[in-house]
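Notes for the structure review
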Amino acid sequence: MTSTTEKIGVVGCGLMGAGIAETCARAGQLVTVVETDTKAAEAGRRRLESSLAKAESRGKITSAAEVLDRIQIIDDVEALSDRSLVIEAIMEDEAVKSRLFRQLDKVVADPQAILASNTSSIPIIKLGVVTDRPENVMGIHFFNPVPVLSLVELVPSYLTAEQTTERARAFVQEVLGKHAIDCKDRAGFVVNALLIPFLLSAIRMVETGVATAADIDEGLVRGCAHPQGPLALSDLIGLDTVRAIADSLYDEFKEPQYACPPLLARMVEAGLLGRKSGRGFFAYT
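Since the structure is predicted, the reported quantities are computational estimates derived from the model, not experimental observations.

Calculation rules
Residues numbered from 1 in each chain as written. Predicted model: local features only at pLDDT ≥ 70, side-chain atom pairs only at ≥ 80, totals over all residues. Heavy atoms only, no water. Helix = DSSP H or I, 4+ residues; strand = E, 2+ residues; numbered from the N terminus. Areas by Shrake-Rupley, 256 points an atom, 1.4 Å probe, with all protein chains shown as cover. Lys, Arg positive; Asp, Glu negative; His and termini not counted. Charge placed at Lys NZ, Arg CZ, Asp CG, Glu CD. Phe/Tyr/Trp six-rings, centres within 6.5 Å; stacked < 30°, edge-to-face > 60°. Buried < 20%, exposed > 50% of the residue type's maximum accessible area, 1.4 Å probe, protein only. Contact = heavy atoms within 4.5 Å.

Some remarks on the overall build of the protein chain
The helix and strand inventory of the protein chain stands at 11 helices and eight strands. Expressed along its principal axes, the backbone C-alpha trace of the protein chain runs to roughly 55 × 45 × 35 Å. As displayed, the protein chain offers around 13300 Å² of accessible surface, 52% of which is attributable to carbon and sulfur atoms. Side-chain charges of the protein chain comprise 30 positive and 38 negative groups, with the mean position of each set lying 3 Å from the other.

Here's the deal with the packing of aromatic side chains
Scanning all chains against the criterion turns up one aromatic pair. Pairing phenylalanine 253 with tyrosine 258 gives two aromatic rings, centres 5.8 Å apart and planes at 40°, and the pair type is tilted. The exposure class assigned to tyrosine 258 is buried, which follows from its relative accessible area of 4%.

Concerning the environment of valine 137
Relative to the elements of secondary structure, valine 137 occurs in strand S6 (residues 137-142). A residue is classified by how much of its surface remains accessible, and valine 137, at 1% relative accessible area, is buried. With 13 residues separating them along the chain, valine 137 and isoleucine 124 place their C-alpha atoms 7.5 Å apart. Setting aside its immediate chain neighbours within four residues, valine 137 contacts Phe101, Leu115, Ile124, Leu127, Gly128, Thr131 and Thr160.

By themselves, these observations are geometric and do not establish any function.
Right, dumping it as structure tokens:
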């Protein structure tokens, strides 16, 4: 049996965490979001308010205030003790995520609760084995912007129970109205395993002076009918996240196409992370 009724918890209120919380709340779910950083929590609430206001103005929802009332943002992971589905959406760092999953394993009381990660690239088995319930751990990977994009990657590990995957599928498709695809538990899953080498190739073009960032993006938009160029997309994803995914892919496969270009590494070290920092390959105000 599968259930589409879940008590939702989200850890992290950044771009992805806020988007996941909004999507669940717009589907009528009550959502508890944990964000231990006060500034990040405040930024997350502002992001939610802005996104929901736009959705209301476009007729996508009837009341932004009503949806926002379904979301509570708190700073204590212990508040997730009664949740039946917790989705982790914190920084793309295996050690940090592993610490959180150990904590969730102790905090979440329901032994059948799904502990899910929104990781873009980290193999799910690495997160599952730090818990005493790897059969309930899986990847539920959304795409940015979460309220707009319909795709969700479902990623069970070798130890994930089939019932866990089917519960997640029912929730994603029947409650959230998203489209789920099944992915093997390998770094990058499906989309990022294809996308990241493409983005890195564009970055190498800038690095070697083949063309400017603006001309590369213009070429892909006008020549291939892409909605945006690879460098603007990298800025949107966050250059730190692009680097983290590339590093995860390279660690697993050791293929040159996944190697982080020096330009990308230097930009991340300089704090030029794209839209989130106001500057990446392009400037944002």
